[in-house]
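# Observations on chain architecture
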Amino acid sequence: MVNSEPTCELHLRMAGQAHDLMLRLHGDPPTEDDLAGWMQKGSVVRLEVSEQGSHQKAHVMLVNFSGVVFAWLVPFRSGRGVSF
């Protein structure tokens, strides 16, 4: 399990949902091609995440990409959250 700072934030919009889901990812970030492939195949992917505002260590979350209608990555910057 990775116990370092997050490397990026993954934002997901699920079908039928009005709000996005934001996951702080640890370890090597996925590429846009990874995300596209997972969405096309409806893959269930194991990701190492931590929760915003929490001091807990990263934990594994399984994400089902079959219901994702769009996704984007934002680099993580310590202290201020994300950098655009």
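Okay, so let's go over this structure. For clarity, every value in this text was computed on a predicted model and none was experimentally measured.

Membership of the largest hydrophobic core comes to 13 residues, with the highest contact counts inside it found for Leu10, Leu12, Leu23, Leu25, Leu47 and Phe65. Secondary structure elements with two or more residues in this core: β1 (8-14), β2 (21-25), α1 (32-41) and β3 (44-50). The contact partners of Leu25, leaving out residues within four places of it in the chain, are Pro6, Thr7, Cys8, Leu10, Pro30, Leu47, Glu48, Val49 and Leu73.

Before going further, it helps to examine α1. Leu35, Gly37 and Trp38 are the residues of α1 that are buried. Viewed end-on, α1 has its buried residues packed into an arc of 165°, placing them on one side of the element. Those residues of α1 that are exposed and angled more than 90 degrees off the buried face are Glu32, Asp33 and Gln40. On the buried face of α1, the contacting elements are β1, β3 and β5 (68-77). Among the residues trailing α1, Gly42 stands out with phi positive, at a value near 65°.

Cut-offs used in this document
- Residues numbered from 1 in each chain as written.
- Predicted model: local features only at pLDDT ≥ 70, side-chain atom pairs only at ≥ 80, totals over all residues.
- Heavy atoms only, no water.
- Core = buried A, V, L, I, M, F, W, Y, C linked by side-chain atoms within 4.5 Å.
- Buried < 20%, exposed > 50% of the residue type's maximum accessible area, 1.4 Å probe, protein only.
- Helix = DSSP H or I, 4+ residues; strand = E, 2+ residues; numbered from the N terminus.
- Contact = heavy atoms within 4.5 Å.
- Arc of directions from axis to C-beta.

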